[in-house]
Structure formats: structure tokens, C-alpha cells
Amino acid sequence: MDWLERAAKLRQWTRSGTRAPHKPLLLLYALGRFQADADGGLRYTAVEKDLQRLLTAYEYRCTFCGYDGRIGAVPVGLEAAHVRWWALGGPDEVENGLCLCSLHHKLFDKGVLGVDDGQRILVSQRFVGHSPAAREHVTALAGRPLIGPQPGARPVAAAHLDWHARQVFHGEPRPATAV
Ligand SMILES: [Zn+2]
């Protein structure tokens, strides 16, 4: 198996042995819907239930910034992120997932963003961005509480957050007041 093929198979959401590409899951979900409409067959049925549980738990909003963009009724720019990476044993469960916008998913996977044991957002001191956009969308998040999950839904598990903090998050977090 070449590296391109291996990379393409990393961190996929699974259910009952059926896998769909991890990113962008919502686009694939939407495509599956459209395909169902077109030819009567939904290709991603196996992952749909897990996705729906996670995205419903977070009410189709980025848990870091609250972004909830849609095209018509279809969410766009929102993704289901594994906290403990799938390729490293992370389960496909609501307790191991976060609903994130595309930017914050990228920064979470790169270790710029994390979540502390009080369910507040961590921003790495190694992240540098002086533009108003970088401050607004990244550094200003330090110390903010997560948005969601809704009451009754299980929050992300402390064990998976701890794994992410140790294995993915870069360096020391910024103080909550450093905006
Ligand atoms: Zn976001």
C-alpha cells in the first residue's frame, strides 16, 4: 500500500466495518443524501447514525466558535473531529468527537487548539497570528467554555481529552486573558 493510499485511509469514521472518508464528513453526508435522491441508494448509511448522534449532540455548531453555516438546509464547513485519532485507536463515539468548523478542526488536529479538563478551550503559546482575523478566530478563544453538547448528550470524555493534550497539543497554553 503506498503512502497516498494509506493517508487516504487514516482517521476514517467507521461503523460495522464500513468506512467513509473522514473529511469533510458533512459534505459526504450531504452527497450521500443527494445520491439517495438521485438513484435511491445511500452510500454512507453505515456512518450516518454515528454522525447524526455527534452533530445532533452539538446542534450542528462548531463547539469552539459557534459557526453554523448552511447552504439551504445542508450544513457547510462543519466537520466531525476525532479527539483521540482514529488511526491511533480512537473510537467512533460521541464521547470521542467534537463538531468543529473546518478551520478549528485543522487547528485542533495540528495541536494549536485543545480542551482542558474543565471543558475550556486551550490555545497554544506557539501559535502566532497578529491579524484581527487570527486574534478573533484563534487567540481570543483561550479560556472560553465549549459550546455544547446539548443537555442530555454525553460530553467528550476526559480520557480522550487527556490523550489529545499529551499527544497532539503543542507546548503551553496561553492564559485565558491573553487576547
Ligand atoms: Zn469554529
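Residues numbered from 1 in each chain as written. Predicted model: local features only at pLDDT ≥ 70, side-chain atom pairs only at ≥ 80, totals over all residues.

Student: Outline helix α4 (residues 102–109), listing residues and values.
Tutor: Of the residues making up α4, those classed as buried are H104, H105, L107 and F108. Where α4 is buried, its residues touch β5 (78–82), β6 (97–101) and β7 (113–115). Phi for G111, located one or two positions after α4, is positive at around 85 degrees. (Buried ≥ 20, exposed ≤ 12 C-beta atoms within 10 Å, placed from the backbone. Helix = DSSP H or I, 4+ residues; strand = E, 2+ residues; numbered from the N terminus. Contact = placed C-beta atoms within 7 Å.)

Student: Run through helix α6 (residues 158–167), naming residues and quoting values.
Tutor: Buried within α6 are the following residues: H160, L161 and H164. Buried residues along α6 cover an arc of 100 degrees about the axis, so they all sit on one side. Residues of α6 that are exposed and point over 90 degrees away from its buried face: A158, A159, R166 and Q167. Elements in contact with the buried residues of α6: β7. (Arc of directions from axis to C-beta.)

Student: Please give an account of unusual backbone geometry that cites residues and values.
Tutor: Omega for the peptide link from G148 to P149 comes to 0 degrees, which places this bond in the cis form. For P149, the location among the structural elements is in the loop between α5 (132–137) and α6. The backbone phi angle of Y60 is positive, close to 55 degrees, even though this residue is not glycine. As for its position among the elements, Y60 is in the loop between α3 (45–57) and β3 (70–71). On the basis of neighbour counts, which here come to 16 C-beta atoms within 10 Å, the residue Y60 falls in the partly exposed class. Phi at Q119 takes a positive value of approximately 65 degrees, unusual for a residue other than glycine.

Student: Describe in detail the nonpolar core, supporting the description with residues and values.
Tutor: One finds L54, C62, C99, L100, L113, I121 and V123 to be the most contacted residues of the largest nonpolar core, which totals 31 residues. Ignoring sequence-local partners within four residues, the contact set of C62 consists of Y67, L78, C99, L100, C101 and H104. (Core = buried A, V, L, I, M, F, W, Y, C linked by C-beta atoms within 7 Å.)

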